[in-house]
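Understanding the architecture of this molecule
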Amino acid sequence: MGKIEMDVNKIKAAGSSIKGIAKEYNDVIETVFSKIQNLPNSGIWAGDKINSSVNSFVSNVMAEKKMYSDFGLTLNNLATRTSEYAKSVDNVSNTTI
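Residues numbered from 1 in each chain as written. Predicted model: local features only at pLDDT ≥ 70, side-chain atom pairs only at ≥ 80, totals over all residues. Heavy atoms only, no water.

1. Details of the environment of Ile18
Along the polypeptide, Ile18 turns up in helix α1 (residues 8-37). Taking the C-alpha atoms as reference points, Ile18 and Ser83, 65 residues apart in sequence, are found 9.9 Å from one another. Discounting residues that sit within four places of it in the chain, Ile18 has contacts with Leu75, Leu78, Ala79 and Thr82. (Helix = DSSP H or I, 4+ residues; strand = E, 2+ residues; numbered from the N terminus. Contact = heavy atoms within 4.5 Å.)

2. Comments concerning the side chain of Thr82
For Thr82, the position within the fold is in helix α4 (residues 65-93). The exposure class assigned to Thr82 is buried, which follows from its relative accessible area of 16%. Among the polar contacts listed, one links the side chain of Thr82 to the backbone oxygen of Leu78, at a separation of 2.8 Å. Not counting the four nearest positions on each side in its chain, Thr82 is found in contact with Ile11, Gly15 and Ile18. (Buried < 20%, exposed > 50% of the residue type's maximum accessible area, 1.4 Å probe, protein only. Polar contact = N/O pair within 3.5 Å; in protein donor to acceptor, adjacent residues only side chain to side chain.)

3. Considerations on α4
Spanning 29 residues, α4 covers 42 Å between terminal C-alpha atoms, matching the ideal 42 Å at 1.5 Å per step. Along α4, the positions that sit buried rather than exposed are Gly72, Leu75, Ala79, Thr82, Ala86 and Val89. On its buried face, α4 sits against α1. (Expected span 1.5 Å × (residues − 1).)

4. What to know about the packing of aromatic side chains
Here the structure, examined in full by the defined rule, presents 2 aromatic pairs. Ring centres of Tyr25 and Phe71 lie 5.3 Å apart, and the angle between their planes is 80 degrees; on these two criteria the pair is classed as edge-to-face. In this pair, Tyr25 sits in helix α1 while Phe71 sits in helix α4, placing the two residues 46 residues apart along the sequence. Exposure remark for Tyr25: the relative accessible area of 21% places this residue in the partly exposed category. Under the relative-accessibility criterion, Phe71 is labelled partly exposed at 44%. On the numbers, 5.8 Å between centres and 45 degrees between planes, the contact of Phe33 with Tyr68 is tilted. Of this pair, Phe33 sits in helix α1 while Tyr68 sits in helix α4, and the two are 35 residues apart along the sequence. For Phe33, a relative accessible area of 5% corresponds to the buried category. (Phe/Tyr/Trp six-rings, centres within 6.5 Å; stacked < 30°, edge-to-face > 60°.)

Next comes the structure, spelled out in structure tokens:
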């Protein structure tokens, strides 16, 4: 009978790496969108407070935040599933037939 060899430790390490990347990505997204959301109060963008182009810009950009946040959540889910897969493979390999 053939034999399949897998390095479960490498799969677990990949899951951990992806989880770290997802966290860093989410931190960057939160920081960027927080700074964009505060543009109207920063004084960087000139215009009146009510009908300013900065408010229109912020509104348009903030509408896209969910898409970026969802990608971060997907990365995190991938990390979790990768780690779970490694555990499943490890459990199967430790079972004698």
